[in-house]
Every structure is written in C-alpha cells, then in structure tokens.
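Given next are the chains, with one letter for each unit.
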Amino acid sequence: MPDTLKNFPQFQALSSHYDSIKDKHLRDLFAEDSSRGETLTAEGVGLYLDYSKNRVTSETINLLLDLARACELPSRIEAMFSGEKINLTEGRAVLHTALRAPSDAVVLVDGENVIPEVHAVLDKMSAFCDRVRDGKWLGHTGKRIRNIVNIGIGGSDLGPVMAYEALKSFSQRDLTFRFVSNVDATDFAEAVVDLDPMETLFIVASKTFTTIETMTNANTAREWLLHKIGGDESAIAKHFVALSTNAEKVSEFGIDTANMFEFWDWVGGRYSMDSAIGLSTMLAVGPQGFREMLSGFRQMDDHFRTTPLEKNLPVLMGMLSVWYSNFFGVETTAVLPYEQYLKRFPAYLQQLTMESNGKTTTVDGRKVGYETGLIYWGEPGTNGQHSFYQLIHQGTRLIPCDFIAFGKSLNPIGPHHDILIANVLAQSEALAFGKTADEVKAEGTQDWLVPHRVFEGNRPSNTIFGEEMSPAMLGKLVALYEHSVYVQSVIWNIDAFDQWGVELGKVLAKAIIPELSPEHSEELKHDSSTNTLIERYRKMRS
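Residues numbered from 1 in each chain as written. Predicted model: local features only at pLDDT ≥ 70, side-chain atom pairs only at ≥ 80, totals over all residues. Heavy atoms only, no water.

## Observations regarding the layout of surface pockets
Stage number 1. Considered as a void within the structure, the largest pocket measures approximately 1,000 Å³ in volume.
Stage number 2. Around the largest pocket, the lining is made up of 38 residues, and of these Thr211, Gly269, Gln499, Glu503 and Lys506 lie nearest the centre.
Stage number 3. Of all elements in the fold, only helix H7 (155-166), helix H9 (212-229), helix H14 (345-357) and helix H21 (503-512) reach the threshold of two or more residues within the lining of the largest pocket.
Stage number 4. For the lining of the largest pocket, the element with the most residues is H21, which contributes four residues.
Stage number 5. Across the lining of the largest pocket, the residue classes tally to 13 nonpolar, 15 polar and ten charged.
Stage number 6. Here the lining of the largest pocket gathers at least three residues from each of two domains, domain 2 (96-285) and domain 3 (500-541).
Stage number 7. As a volume, the second largest pocket reaches approximately 490 Å³.
Stage number 8. Looking at the second largest pocket, it is lined by 30 residues, and the ones nearest its centre are Val363, Val490, Trp492, Asn493 and Ile494. (1 Å grid on protein atoms, 1.4 Å probe; cavity = no way out; pocket = protein on both sides within 12 Å on 5 of 7 lines; lining within 4 Å. Points joined across faces, edges and corners; volume = space filled by probe spheres on them. Helix = DSSP H or I, 4+ residues; strand = E, 2+ residues; numbered from the N terminus. Nonpolar A, V, L, I, M, F, W, Y, C, P; charged D, E, K, R; others polar. Domains from an automatic or database assignment.)

Written out as structure tokens, the structure reads:
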C-alpha cells in the first residue's frame, strides 16, 4: 500500500474529480439529473438517508468507494467485528459490537468467547433494575428508592445522560434521574438539593474506581448521605452501586461487590452506553426497553457488516465526511435533530467523534499529511434556526449538516409535528438552492438591500428519516455514527479507539492540586504564566 493517503491513485483520482466539480452548484447538479433525489439515497434497518443535497455526483460516490476499497475498508470492518486487536496503541480488541450481540453468538478475545459474560452482566443488571423499579430494593431506613443519581464523566456520563433524555417518553416517571459529572461542586449540589437521601441511589461509574472527578463526586455523595443519615456506614451498601472492574476499591468505598456491575477493557468509554455503564438507562426504561435498544444497535451492526458499500449507511456518511474534510477543507459538521428528545445527541457525538478521530499520528507512528477529525456540534430543532443557522446560510464557512427527523411524534399535539417537519425540509432546501439576486429583486427588494438578502446556497446536507423515536431507534442512530467514525479513521489510517490526548492534562492537574494551597512552600516550577496564575489563585482563596 502507498505510504500516505495522498499517494493512493484513488485519492489522486478524487483530487482531479474535485477540481472538476468544486465550483458546481447544487442547482446545476439537480438540473442536470432530475432523478438524483431518488437515486442518491440509501435505506436500511428503518432509516432513510437522502444524501442528494451533497456536492457530489454518482461519479464522486464511486470514486470515494474506490478509495475505501483501496484502504481495505471491508477487511477492516471484519477485523473489528471478529475481535482483532485493532486498538493498536493499547493492544486491545474493540468490541462494543459484542455488547449487543445475541446470546448464541461467538466472539473470541484471546481465544475466549466473551458473549456468555456479556449476557451474564446483562441478566444481573436486569434483576437489579427490576428490584429497584418494583420498589423491592429498599434504602437503609426501609424507604423505597425514588431517585437515581449517576456519577461519572466522559463516556460514563454523556451516553447515560443522552439516552435518558432521548428515551424519557419510555421512562418510569415515578423515578427521578440526575447526572453528575463536573468536578465543580455546583454540579453535585444542584443535583441533590431537593432529594431525600433515604430515597436516593447513587451509581458510581468508573472502571478503575480512581478517576479523580468521579471519585471526588462519589466521596462527596458518600459524605452527604452519611451526614444526613447520622454517620452509619452500613447505609452505603443500600444507597450506592458501582460500575467498575476494581472490586478492591469498590469494597473499600463501602459498596457491596455483589452490586458491582462489570465491563471490559475492550469497551472504550465513548462506546460504553450499552454496557453496564447503561445501568441508569435500564433503570429508566426497564430491562425490556434496554434490550430493545440493544436490538437497534445490533441491526445497524449487521447492516454495516454485511451491506455492500454503495448502500451502506455508515460507509456513505463516513466517506462524505472524508470528501468534505480532505477536499473542501471543511472543519465542522452540524448535527441537527428535529426531535426534542434528542437534545443531548450532538453533545454525545462530540466525544464520540472528536475523541476518536482527533489524531495527528497514523497507526504506524507517522505524522499525518492531511486533515483528520471533524468538529461536531449542534442543537435540536427550530431552536438552532433562531440561533446559529444564520452563519450556516450566509457565513463564509462551509458547514455540512445532518438533519435528523421522524415521521411520527411521540407527542402528537395539534399541528406541531407538521410545522416541525416543514422546517426540516425547508432548511435543507434553502441551504442547497439558496436565493439568487434576480429572485430577490423580483420580490421588489430595493437594489441596496439585495446583496444582504441573497442566499448563495450550495450548502450540503444529509437528511436522515426514521419512523419514530424509540429505544431501538436510538440504538440504530448511535451505531450509525459509531461506524461512520470508524470508516473515517480507516481512510485516515488513525487509531479511533485510543485517547492519549486526554491524559496529559490529567497528569498535570494532579501535580497542581497540592500547589494551590496557600501553605504550599516548595518553589513552583511551571512556566511563568502558570506560576503567576497559581499565586493569584492562592491570594483569592485566602
């Protein structure tokens, strides 16, 4: 294989093609091919993808798929599913797909089938959740648990928060759910301000049970409970459970290890919402709802693994991202769910996409010579239209958009849903085709105002349609983006499953913590800026 992506003949063919198409307007592309709105689409597992409003032709798609094949994408997909250690820098398999595999599947890691263990944890989670939801799990004073507080950070928080909000319509409404992640004490204080500790269950999510933010919050929760309950440490076992693999630390904290739910080092944090990390999700929607979500994940997994590239939803979306990043110089993608329940979905995708592909080094240790890692961001529905859409429509930056919408509302009240969907369709149409100066003038606009009211158009977007929000639908959407991220990483030849960039700041923070005390007497040895800021903080603190 060529030693860099740009040396691939298929990349060079795309580069020549880009030169011939880059100035083409979507108005012209639709005029030249009146059927592209039907042909540049793909459908699978209950999701419909319209990618016709992208700055591509059928030739573009064929050339992108040629590049995917040259980068051995089909074999790399199979390597992930079969348990090869594709997380090379950490020497690990990458098997979030095993978390939703059926009980009769066989997935080997170091010669051992991991599926029985996965389903054993699922069954243990189910039994526990049934007890809490049915009111059979009682707190230390005999009161029923009515409040669930998940304490985690990163993937141990973003996935559970997003899933709870996405599936709120399916949740058990007599249970209150809160989520604490920020080490800022305000996050914890506001989460518990109106809760009865005798009715509160804390879920502490930390694989090692040493994550500084999570354990700081967990210890504060422990002190809060003990203060309210009179210091009886035996209460901890009734009000705390752990999502961890460190039984010793969990036991030291006071949690009964029978209530420790395990996961594995082949599950990355940002891919873990369908592992034990999803305990809060299962408590909210019940074991059956959680398993329906896993079924949705599995359906998209099967689609990704078996569907030809030209009809493969994650492959098409991933390759379009490569097209915009490496040829148009695009830096961001807006994800715009027209579904209020998905209000936290863009925030969830920020970690999934940017922690995965924010890399400057190839898997074989060389510096990349091309752009990687798009910035993902967004807001739900019409909120964004009255906020940042101005920049997308008339700004100087090209920002591809993913519109996500559903045919049915979970809250069918009056005309709301028709108005919502009309806005989805109108926005993608306006972005693509815009409004010319002649069209603005024809409306009677004064000449001096015309330039301000022109919409250039030619702004690309995908539209993703599903029938209705549900646990299974959430699984399909998350897996769609998980696999799209992997497709991009294969083309860029980077490791999507490590995150060394997270580590340095953590290490430096641990060194700085004791230095913030006014009593710290040792000489500060940071740079002049950091030293000065530490000194100023000491003065403010004292």
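## Examining empty space enclosed by the protein
Stage number 1. Summed over all chains, the structure comprises two cavities of 30 Å³ or more.
Stage number 2. Space inside the largest cavity adds up to approximately 130 Å³.
Stage number 3. Around the largest cavity, the lining is made up of 16 residues, and of these Ser321, Thr333, Pro400, Asp402 and Asn462 lie nearest the centre.
Stage number 4. For the lining of the largest cavity, the elements supplying multiple residues, two or more each, are helix H13 (313-326), strand E12 (401-406), strand E13 (461-466) and helix H20 (471-492).
Stage number 5. A total of four residues in the lining of the largest cavity trace back to one element, the largest contributor, which is H13.
Stage number 6. Partitioned by chemical class, the residues of the lining of the largest cavity number nine nonpolar, six polar and one charged.
Stage number 7. Considering only enclosed or pocket space, the second largest cavity measures out at about 50 Å³ in volume.

## Topic: helix H8 (residues 185-192)
Stage number 1. Phe188, Ala191 and Val192 are the residues of H8 that are buried. Across the axial projection of H8, the buried residues extend over an arc of 80 degrees, all falling on one side.
Stage number 2. Here the buried face of H8 lies against strand E6 (176-180), strand E7 (200-205) and H9. (Buried < 20%, exposed > 50% of the residue type's maximum accessible area, 1.4 Å probe, protein only. Arc of directions from axis to C-beta. Contact = heavy atoms within 4.5 Å.)

## Let's talk about the UniProt feature "active site" (unreviewed entry) in the protein
Stage number 1. Cross-referencing UniProt, the feature "active site" (unreviewed entry) maps to Glu355, His386 and Lys506 in the present numbering. The greatest C-alpha distance among the residues just named is 37.4 Å, and with 152 residues of sequence between them they are spread in space as well. Within the annotated group, the residues that form the lining of the largest pocket are Glu355 and Lys506.
Stage number 2. Considering the arrangement of structural elements, one finds Glu355 in helix H14.
Stage number 3. Once you skip the residues sitting within four places of it in the chain, Glu355 turns out to touch Arg270, Gln350, Asp498, Gln499 and Val502.
Stage number 4. Within the local environment of Glu355, its side chain forms a polar contact with the side chain of Arg270, the two groups lying 2.9 Å apart. (UniProt positions renumbered as here; feature names shortened; annotations may be inferred. Polar contact = N/O pair within 3.5 Å; in protein donor to acceptor, adjacent residues only side chain to side chain.)

## Notes on the nonpolar core
Stage number 1. In this structure, Phe128, Trp266, Leu279, Trp323, Phe345, Leu474 and Tyr481 are the most contacted members of the largest nonpolar core, which totals 125 residues.
Stage number 2. Mapping this core onto the domain boundaries places at least three of its residues in each of domain 1 (5-71 + 307-492) and domain 2 (96-285).
Stage number 3. Among the nonpolar cores identified, the runner-up in size contains 26 residues, and Phe202, Trp224, Leu225 and Ile229 belong to it. (Core = buried A, V, L, I, M, F, W, Y, C linked by side-chain atoms within 4.5 Å.)

## Regarding the packing of aromatic side chains
Stage number 1. Per the stated rule, a full pass over the model turns up 26 aromatic pairs.
Stage number 2. Between Tyr18 and Phe327 the ring centres are 6.3 Å apart and the planes differ by 40 degrees, which places this aromatic pair in the tilted class. Of this pair, Tyr18 sits in helix H1 (residues 9-21) while Phe327 sits in the loop between H13 and strand E10 (332-337), and the two are 309 residues apart along the sequence.
Stage number 3. With a relative accessible area of 17%, Tyr18 lands in the buried category. (Phe/Tyr/Trp six-rings, centres within 6.5 Å; stacked < 30°, edge-to-face > 60°.)

## Quick look at the sheet that holds E6
Stage number 1. Read from one edge of the open sheet, five strands run E6-E5-E7-E8-E9, paired in parallel fashion. Looking at which strands have only one partner, the edges of the open sheet turn out to be E6 and strand E9 (260-261).
Stage number 2. Bridging between strand E8 (residues 240-243) and E9 involves two bridges; their strand directions are parallel. Along E9, the bridge assignment pairs Leu243 with Phe261. (Pairing = 2+ DSSP bridges.)

## Here we look at the packing of H7 against H14
Stage number 1. It is the contact of H7 with H14, at a shortest axis distance of 9 Å, that shows an interaxial angle of 150 degrees. By the angle class used here, H7 and H14 are roughly antiparallel. The crossing of H7 and H14 is left-handed. Residues Gly155, Leu158, Gly159 and Met162 of H7 form the contact with H14, whose participating residues are Phe345, Ala347, Tyr348 and Gln351.
Stage number 2. Class assignment of the residues belonging to the contact of H7 with H14 gives a composition of five nonpolar, three polar and no charged. (Axes fitted to C-alpha atoms, helices over the stretch in contact; angles between N-to-C directions. Parallel < 35°, antiparallel > 145°, perpendicular 65-115°, else oblique. Left-handed = near helix turned anticlockwise from the far one by under 90°.)

## Structural notes on the domain arrangement of the protein
Stage number 1. Parsing the protein into structural domains produces domain 1 (5-71 + 307-492), domain 2 (96-285) and domain 3 (500-541).
Stage number 2. When each unit is reduced to the centre of its C-alpha atoms, the spacing between domain 1 and domain 3 is 42 Å.

## What about the pairing of E12?
Stage number 1. In terms of burial, E12 is a largely internal element, six of the six residues being buried.
Stage number 2. Because side chains alternate across E12, one face comprises the buried residues Cys401, Phe403 and Ala405, and the other comprises Asp402, Ile404 and Phe406, equally buried.

## Looking at the environment of Val368
Stage number 1. Tracing the chain through its elements places Val368 in the loop between H14 and strand E11 (375-377).
Stage number 2. Of the residues examined, Val368 reaches a relative accessible area of 15% and is grouped as buried.
Stage number 3. Considered as a pair, Val368 and Thr4 are 364 residues apart in the sequence and their alpha carbons are 7.8 Å apart.
Stage number 4. Among all residues touching Val368, those that are not within four sequence positions of it are Lys359, Thr360, Thr361, Thr362, Trp492 and Ile494.

## What about the pattern of salt bridges?
Stage number 1. In the structure shown here, the tally under the stated rule is 23 salt bridges.
Stage number 2. Lys143 is the partner of Asp196 in a salt bridge, and the nearest nitrogen-oxygen pair spans 3.0 Å. With Asp196 in the loop between H8 and E7 and Lys143 in the loop between helix H6 (115-133) and strand E5 (147-151), this residue pair connects regions lying 53 residues apart in the sequence.
Stage number 3. Relative accessible area serves as the criterion here: at 36%, Lys143 is assigned to the partly exposed category.
Stage number 4. In this structure, the salt-bridge partner of Glu165 is Lys343, at a minimum N-O distance of 3.8 Å. Of this pair, Glu165 sits in helix H7 while Lys343 sits in the loop between E10 and H14, and the two are 178 residues apart along the sequence.
Stage number 5. Residue class for Glu165 comes out buried when judged on its relative accessible area of 16%.
Stage number 6. Residues participating in the shared-partner salt-bridge network are Arg100, Asp274, Asp301 and Glu482. (Salt bridge = Lys/Arg side-chain N within 4 Å of Asp/Glu carboxyl O.)

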